[in-house]
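Chain residues, written in single-letter form:
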Amino acid sequence: MTTPQRVVVLGGGFAGLYATTYLTKADVPEDALHVTLISDQNYFTFTPLLAEVVAGSLNPQDVIIPLRSLATRFGFEFRRARVEGIDAAGGYVSTTTGAVPFDYLVIALGAAPQYFGNTSLAEASLPFTSVHDALAIRNRALEAAERAAVEKNATTRRDLLRFAVAGAGPSGVEVASEIHSLLTRLLPRYYGVHEPPTVSVYQKADHILPGWDPVLAAEGLELLRARGVDVHLGVGVTSFRNHELETTGNGNTPATARAHTLIWTAGTAPATQILDGGHLARGERKHLVVDQHLRVKAHDNIYAAGDIAQVPLRSGGGFQPPVAPIAISAGIRAAGNIENAIMGRSLEPYDAHHAGKIISLGGGAALIDLLGWRIRGRPAWWTYRLIYLLKLVGTRNKLQALASLTFNRIFEPTV
C-alpha cells in the first residue's frame, strides 16, 4: 500500500471508541491505516454509572475520560465536531469543522431521547443520557430540597418534593431509585425536612425492565414499592405543563398528577437525522439497516454499530438490544471486518455475546441476570460494583472511582 486507507469513525460512545481503538492495533502493515474519530463531545462517558453521579456516590470525572488523551495513547486522530451529513457516493463526511474524506466509514452516532413528536414533553422534562443530564437532575433535586427547607406552606412543600420518571427500563429504574435514596437520606439530616419525597415511575407496559427475566423484574418492582417508590404500570405520560402531569392508561383513561420535575427515559431514537438525505437504508424505526457483517445495506465500505444500527438476531426474529456490551462487540466486529477487507480476507459475521444484565436499585441493592445466574439484594450490589469498576475505561478512572466509592462509604456524600 502506497497511501494509508482513511477510516473515519463517527461517535465517541462505546461502539465508536472500541472500533477506533481496535483499528489502531489492527493486523495491517505499518502506516496502512489513518484512523479519525469524530465526536461532538471531547470525552467518552461510561453511561452505566450515570445514576451514581445523580446520587453523588461518584464524581463526574470518575465516569468520563478525555478522547484527546486516548488519541495520544492509541495513536488516532480526534476531531471535535458535529456531523452534518454523509456523502456516501463522494466518500466524505460533512462536519462543522469541514469535510473529512474516508475510504471506510463506521457510523456509531448512538441514539437520542425520543418524545414521539410531543414538543411539550421535550421542552419541560429532563433527559437522562449524559453526565450533564445526571448533574442537572442532581442539581434539580438539591434545589427542590433547598426550597422545601424554607417553605412554610405544607402543600407547596410536598409539591416541591414530587419527582416523576417516565419509563421503567434500566435507566428509569436506576434514576428513580437514586433520587429517592438521595432525598430520603439528605432531607431530614441537612435540610430539617421530615416529609418523605414522592418519586413516581410511569411505565406504559404492564411490567418494569422489559426484556429481563420476569421473576427478577417482579422482585425489582416489589423492592421499589417497598422502599416507597410509586410505580404505575400500564400508564404513559402524555403532557407536562405548569407542574401538572397528564397520563393515559391502557384503557385510554386520562388522569392528572402533580410533579415538580419530570425525568424522561421513556424512549430513544437512532441519531440518523443528519445522515445522507435518505440514501442510506433505514428500518421502520429509522435505524440503519445492516447485513450480517454490519455493513450498511448497499454500501460495502460503510459500517454501522451501536444504537444507531438495526442488527438482526442470528437465532431468529428480532434485533439486538441497545445495551453497552452489544455496542462494544459490534464496534469491534465492524473494525475487524474493515481490517479483513483491507487485507483481502473474508469478512466475519457478527455474533453478539451478551453475558447478561445488571441494574442498580440504589441503597445497596441490585439485580443481576448473568450467564444464567440470578442474583439480587446485597450480593448483587457488590457484584454490580465490582463488574463496573473493572469495565471502566482507563486505569486512572478505575482508581478514581474506587477512591470515590471508598471515601463515600466512610464519609457520607456531601450535598
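If you're wondering where the values come from, they're calculated on a predicted model, not measured in any experiment.

**Quick word on the overall build of the protein**
On a plain count of helices and strands, the protein comes out with 11 helices and 25 strands. Against the compact-globule benchmark of 22 Å for 415 residues, the protein has a radius of gyration of 22 Å, which places it among compact chains. Across the 415 residues that make up the protein, the buried fraction comes to 51%. If you sum the accessible surface of the protein, you get close to 19200 Å²; carbon and sulfur atoms cover 52% of it. Here the protein contributes 38 positively and 36 negatively charged side chains, and the mean placements of these two sets differ by 4 Å.

**Remarks on the pattern of salt bridges**
The full count for this structure, using the stated rule, is 13 salt bridges. Here D300 makes a salt bridge to R295, at a shortest N to O gap of 3.6 Å. Taking the relative accessible area as the measure of exposure, D300 reaches 59% and is therefore exposed.

**Side note on the nonpolar core**
L10, L105, I107, F128, I179 and I208 are the most contacted members of the largest nonpolar core, which has 122 residues in total. In this structure L105 touches V8, L10, I86, V93, N301, I302 and Y303, once residues within four positions along its chain are discounted. By size, the runner-up hydrophobic cluster in this structure holds 12 residues, among which are L121, A166, L245 and W264.

**With respect to the packing of aromatic side chains**
Evaluation of the coordinates by the stated rule reveals six aromatic pairs. Residues F46 and Y388 carry aromatic rings whose centres are separated by 5.8 Å and whose planes lie at 80 degrees to one another, so their mutual orientation is edge-to-face. Separated by 342 residues along the polypeptide, F46 in the loop between β3 (43–45) and α2 (50–55) and Y388 in helix α10 (residues 377–391) bring together distant segments of the chain. Taking relative accessible area as the criterion, F46 reaches 3% and is therefore assigned buried. Look at Y388 and you get buried, because its relative accessible area is 14%. With centroids separated by 5.5 Å and ring planes inclined at 35 degrees, the aromatic side chains of W381 and Y384 adopt a geometry described as tilted. In this pair, W381 and Y384 both sit in helix α10, three residues apart, roughly one turn of the helix. Among the aromatic residues, ring-to-ring pairing joins F14, F44, F46, W381, Y384 and Y388 into one connected group.

**Considerations on the environment of N252**
Relative to the helices and strands, N252 is located in the loop between β16 (244–249) and β17 (254–258). What makes N252 exposed here is its relative accessible area of 60%. For the pair N252 and T265, spaced 13 residues apart in the sequence, the C-alpha separation amounts to 21 Å.

**So, the sheet that holds strand β9 (residues 104–107)**
If you walk across this open sheet you meet the five strands as β5-β2-β1-β9-β21, and the pairing is parallel. Of all strands in the sheet, those with a lone pairing partner are β5 (77–80) and β21 (302–304), marking the two edges. Between one strand and the next, the sheet's axes are offset by a mean angle of 20 degrees, whatever the strand orientation. As paired elements, β9 and β21 share three bridges and run parallel to each other. For I107, the partnering residue across the bridge sits in β21 and is A304. Relative to β5, helix α3 (residues 67–74) is tilted by about 165 degrees, and along the sheet it contacts β2 (33–39) and β5. Along the sheet, helix α9 (residues 324–342) makes contact with β1 (5–10), β2, β9 and β21, crossing β9 at roughly 170 degrees.

**Some details on the packing of helix α1 (residues 14–24) against α9**
At a closest axis distance of 7 Å, the pairing of α1 and α9 adopts a crossing angle of 35 degrees. For the pair α1 and α9, the sense of crossing is right-handed. Residue-level contacts link F14, A15, Y18, A19, Y22 and L23 of α1 to A324, A327, I328, G331, I332, A335, G336, I338 and E339 of α9. Each residue belonging to the contact of α1 with α9 can be placed in one class, and the counts come to 12 nonpolar, two polar and one charged.

**Let's talk about the pairing of strand β25 (residues 373–376)**
Relative to β25, strand β24 (residues 365–370) runs antiparallel, the two sharing four bridges. Residue pairing in the sheet places I368 in a bridge with I375 of β25.

**Here's the deal with unusual backbone geometry**
Trans is the common state for peptide bonds, and a negative phi is the common state for residues other than glycine. A positive phi angle is found at N242, which is not glycine, with a value near 50 degrees. Along the chain, N242 falls in the loop between β15 (235–241) and β16. A relative accessible area of 71% places N242 in the exposed class. Backbone geometry at H243 places phi at a positive 65 degrees, although glycine is not the residue there.

**Re the packing of helix α5 (residues 131–150) against helix α7 (residues 170–191)**
Look at α5 against α7: their axes get within 10 Å of each other, and the N-to-C directions meet at 35 degrees. For the crossing formed where α5 meets α7, the hand is right-handed. For the pair α5 and α7, the contacting residues are I137, R138, A141, L142, A145, E146 and A149 in the first and V175, I179, L182, L183, L186, L187 and Y191 in the second. Of the residues that constitute the contact of α5 with α7, the class distribution is 12 nonpolar, no polar and two charged.

**Considering the sheet that holds strand β23 (residues 356–362)**
To summarise the sheet geometry, strands pair through backbone hydrogen bonds and adopt either a parallel or an antiparallel arrangement. One open sheet accounts for three strands, arranged β23-β24-β25; its pairing is antiparallel. The sheet is open, and its two borders are formed by β23 and β25, each paired with just one other strand. Sheet twist, expressed as the mean angle between neighbouring strand axes with direction ignored, is 5 degrees. In this structure, β23 lies alongside β24, joined through six bridges in antiparallel fashion. Note that in β24 the partner of I359 across the bridge is L367. With respect to the sheet, α10 is in contact with β23, β24 and β25, its orientation differing from that of β24 by roughly 70 degrees.

Cut-offs applied
- Residues numbered from 1 in each chain as written.
- Predicted model: local features only at pLDDT ≥ 70, side-chain atom pairs only at ≥ 80, totals over all residues.
- Heavy atoms only, no water.
- Helix = DSSP H or I, 4+ residues; strand = E, 2+ residues; numbered from the N terminus.
- Rg over C-alpha atoms; globule rule 2.2 N^0.38 Å.
- Buried < 20%, exposed > 50% of the residue type's maximum accessible area, 1.4 Å probe, protein only.
- Areas by Shrake-Rupley, 256 points an atom, 1.4 Å probe, with all protein chains shown as cover.
- Lys, Arg positive; Asp, Glu negative; His and termini not counted.
- Charge placed at Lys NZ, Arg CZ, Asp CG, Glu CD.
- Salt bridge = Lys/Arg side-chain N within 4 Å of Asp/Glu carboxyl O.
- Core = buried A, V, L, I, M, F, W, Y, C linked by side-chain atoms within 4.5 Å.
- Contact = heavy atoms within 4.5 Å.
- Phe/Tyr/Trp six-rings, centres within 6.5 Å; stacked < 30°, edge-to-face > 60°.
- Pairing = 2+ DSSP bridges.
- Axes fitted to C-alpha atoms, helices over the stretch in contact; angles between N-to-C directions.
- Left-handed = near helix turned anticlockwise from the far one by under 90°.
- Nonpolar A, V, L, I, M, F, W, Y, C, P; charged D, E, K, R; others polar.

The analysis is restricted to geometry; functional conclusions fall outside its scope.
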